[in-house]
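# Reading the structure
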Amino acid sequence: MKFATKAIHAGITPDPATGAIMTPIYQTTTYVQQAPGEHKGYEYSRSQNPTRDALQNNLAALENGKFGLAFASGLAATDAILKTLKPGDEVLSTNDLYGGTYRIFTKLFEQYGLKFKFVTMTDADTLEQHLSDQTRLIWIETPTNPMMHIIDIKAVTDLVKQRDIKVAVDNTFATPYLQLPLDLGADLVMHSVTKYIGGHSDVIMGALVLNDQEWAEDLQFIQNASGAVPGPQDCFLALRGIKTLHLRMQRHCENAASVAHFLKQHPKVDKVFWPGFEDHPNHQVAKNQMQDFGGMISFTLKGDDIEEAKSLMTRFQYFQLAESLGGVESLCGHPASMTHASIPREERIKSGLVDSLIRMSVGIEDIEDLLEDLKQALE
Ligand SMILES: *Cc1c(COP(=O)(O)O)cnc(C)c1O
């Protein structure tokens with residue numbers, strides 16, 4: 001089955017009771033048993049729910065994985081992964097990553113004895129020197145947030161193949177439509193379903209997909225034991241969003257390419273970060289491992305004035321100033337004061353996240369309107 005067909009059909013069967021073509025929202029906490037311990041596979045909705053099952057199977061199919069798990073948020077999914085590690089274990093992570101991931105690593109899990117190292121991973125050859133006998137997990141986010149670096153997933157997984165180190169990829173920015181980390185050798189894919197997969201800015205949700213049965217069972221145990229599960233209504237909305245994932249991603253990519261080229265030639269703009277440019281340092285890797293270059297762009301202003309950047313963002317008509325990304329509508333954000341405010345300024349600047357950096361999630365509106373909006377706001 002190819003991608004679009006999977007998005008619409010995988011894991012989904014007409015409702016056995018009525019034939020309803022859409023997976024019903026099983027809004028129930030519990031399931032009646034015929035005799036004590038005798039049931040139809042469903043006991044209590046923290047443990048299993050048919051609407052969640054359909055979504056989990058669909059997500060697994062989209063990522064070419066065996067096991068899918070849905071969580072109450074992307075960070076709840078990340079939390080579950082970290083709970084499979086032991087005190088003393090080390091996690092090697094990209095240094096340019098989602099602010100909330102940095103926060104859960106350093107502010108929550110460091111105090112339970114996990115160790116985190118943040119390094120540049122754009123050159124996989126330099127990664128070896130950072131590995132130790134305690135390294136258990138490599139955390140990759142690609143494209144990175146918000147600098148749009150591209151990490152060569154296959155090069156990283158090849159490097160640790162012979163060791164007891166797992167590789168997890170936050171695939172939120174790319175989505176399985178553009179990039180399939182498991183096929184490139186990664187052990188696990190994490191998603192903030194909140195973003196492109198849900199796609200309509202109306203659900204907070206996370207997901208994990210993997211092939212390793214033992215790790216999957218540990219994660220399923222944590223999903224139930226810690227209980228950060230999504231409700232059936234949200235699972236239904238995510239399933240509904242996924243049905244158009246491929247169409248939305250095509251338009252996100254097309255519009256982002258036009259916006260990137262427009263910004264690049266604008267006299268007020270300094271740098272534009274988008275992996276589709278031939279002079280992007282990791283352009284070739286992006287071309288190899290991604291289907292297209294995604295809907296996310298960052299840019300900086302000449303003079304790097306923080307006030308000018310902030311005021312620009314209030315002049316947009318369609319690019320709404322808001323956190324998050326991946327919805328049908330265009331959004332813009334100021335990482336330094338919004339999503340990445342929890343990262344110390346020196347750390348930020350070191351990784352190129354300067355004061356005037358603006359991040360855009362390019363939506364699927366008419367491109368003429370989006371370019372007109374950028375033009376009037378920059379003038
Ligand atoms: C939003 C986001 C997360 C966190 O997901 P939530 O659903 O907000 O908990 C993690 N990684 C990336 C890249 C994100 O954009």
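All values reported here derive from a predicted model rather than from experimental measurement.

### Describing the sheet that holds strand 2 (residues 90-94)
- Overall, mixed pairing links the seven strands, which are arranged 1-7-6-5-4-2-3 in an open sheet. What marks the edges here is a single partner per strand, and that holds for strand 1 (67-71) and strand 3 (115-119). Adjacent strand axes in the sheet meet at a mean angle of 20 degrees when their direction is disregarded.
- Examined bridge by bridge, strand 1 and strand 7 (residues 206-210) share five bridges and lie antiparallel to one another. Bridging across to strand 7, Gly68 finds its partner in Val209.
- Set on the sheet, helix 2 (residues 50-62) makes contact with strand 1 and strand 7; between it and strand 1 the angle comes to about 125 degrees.

### Thoughts on the site of the ligand
- Close contacts around the ligand come from 14 residues, with Gly74, Asp170, Ser192, Thr194 and Lys195 the closest.
- Contact between the ligand and Gly74: an oxygen atom at 2.9 Å from a main-chain N or O atom of the residue.
- In this structure, Leu75 approaches the ligand through a main-chain N or O atom, which is 2.9 Å from an oxygen atom.
- When the ligand is considered free in solution it has 380 Å² of accessible area, and contact with the protein chains removes 94% of it.
- Secondary-structure elements contributing two or more residues to the shell around the ligand are helix 3 (74-82) and strand 6 (188-192).
- Classifying every residue of the shell around the ligand by side-chain character gives six nonpolar, five polar and three charged.

### Some thoughts on the packing of helix 9 (residues 245-264) against helix 13 (residues 367-378)
- In contact at an axis separation of 10 Å, helix 9 and helix 13 are set at 30 degrees when each is read in the N-to-C sense. Considering the angle they form, helix 9 stands roughly parallel to helix 13. Note on packing geometry: the crossing formed by helix 9 with helix 13 is right-handed. In this structure, helix 9 uses Asn255, Ser258, Val259, Phe262 and Leu263 to contact helix 13, whose residues at the interface are Ile367, Leu370, Leu371, Leu374, Lys375 and Leu378.
- In terms of residue class, the contact of helix 9 with helix 13 is built from eight nonpolar, two polar and one charged.

### Section: the nonpolar core
- By size, the foremost hydrophobic cluster in this structure holds 68 residues, and its most contacted members are Leu55, Leu263, Ile297, Phe299, Phe316 and Met360.
- Considering each element in turn, this core owes the most residues, nine residues, to helix 9.
- For this core, the domains that each give at least three residues are domain 1 (3-242) and domain 2 (245-378).
- With residues near it in sequence (within four places) discarded, Leu55 still touches Ala70, Met205, Cys235, Ala238, Leu239 and Ile242.

### Digging into the confidence of the model for the chain
- Of all residues in the chain, 100% attain a pLDDT of 70 or more, and the chain-wide mean is 96.
- Confidence, read as mean pLDDT per element, is least for helix 12 (residues 345-350) in the chain (84) and greatest for strand 7 (99).

### As for the packing of aromatic side chains
- Inspection of the entire model under this criterion finds 10 aromatic pairs.
- Between Phe105 and Trp139, the ring centres sit 5.6 Å apart and the planes meet at 90 degrees, which makes this aromatic pair edge-to-face. One end of the pair, Phe105, is in helix 4 (residues 99-109); the other, Trp139, is in strand 4 (residues 135-141), with 34 residues separating them in the sequence.
- On the basis of relative accessibility, which here comes to 0%, the residue Phe105 falls in the buried class.
- Taken together through their ring pairs, the aromatic side chains of Tyr102, Phe105, Phe116, Phe118 and Trp139 make up a single cluster.
- Positioned above the aromatic ring of Trp215 is the side chain of Lys166, whose terminal nitrogen or guanidinium carbon lies 5.0 Å from the ring centre.
- Note that Lys264 overlies the ring of Phe277, its terminal NZ or CZ placed 3.9 Å from the centroid.

About the thresholds
- Residues numbered from 1 in each chain as written.
- Predicted model: local features only at pLDDT ≥ 70, side-chain atom pairs only at ≥ 80, totals over all residues.
- Heavy atoms only, no water.
- Pairing = 2+ DSSP bridges.
- Helix = DSSP H or I, 4+ residues; strand = E, 2+ residues; numbered from the N terminus.
- Axes fitted to C-alpha atoms, helices over the stretch in contact; angles between N-to-C directions.
- Contact = heavy atoms within 4.5 Å.
- Near = heavy atom within 4 Å.
- Polar contact = N/O pair within 3.5 Å; in protein donor to acceptor, adjacent residues only side chain to side chain.
- Areas by Shrake-Rupley, 256 points an atom, 1.4 Å probe, with all protein chains shown as cover.
- Nonpolar A, V, L, I, M, F, W, Y, C, P; charged D, E, K, R; others polar.
- Parallel < 35°, antiparallel > 145°, perpendicular 65-115°, else oblique.
- Left-handed = near helix turned anticlockwise from the far one by under 90°.
- Core = buried A, V, L, I, M, F, W, Y, C linked by side-chain atoms within 4.5 Å.
- Buried < 20%, exposed > 50% of the residue type's maximum accessible area, 1.4 Å probe, protein only.
- Domains from an automatic or database assignment.
- pLDDT = per-residue confidence, 0-100.
- Phe/Tyr/Trp six-rings, centres within 6.5 Å; stacked < 30°, edge-to-face > 60°.
- Lys NZ or Arg CZ within 6 Å of the ring centre and 35° of its normal.

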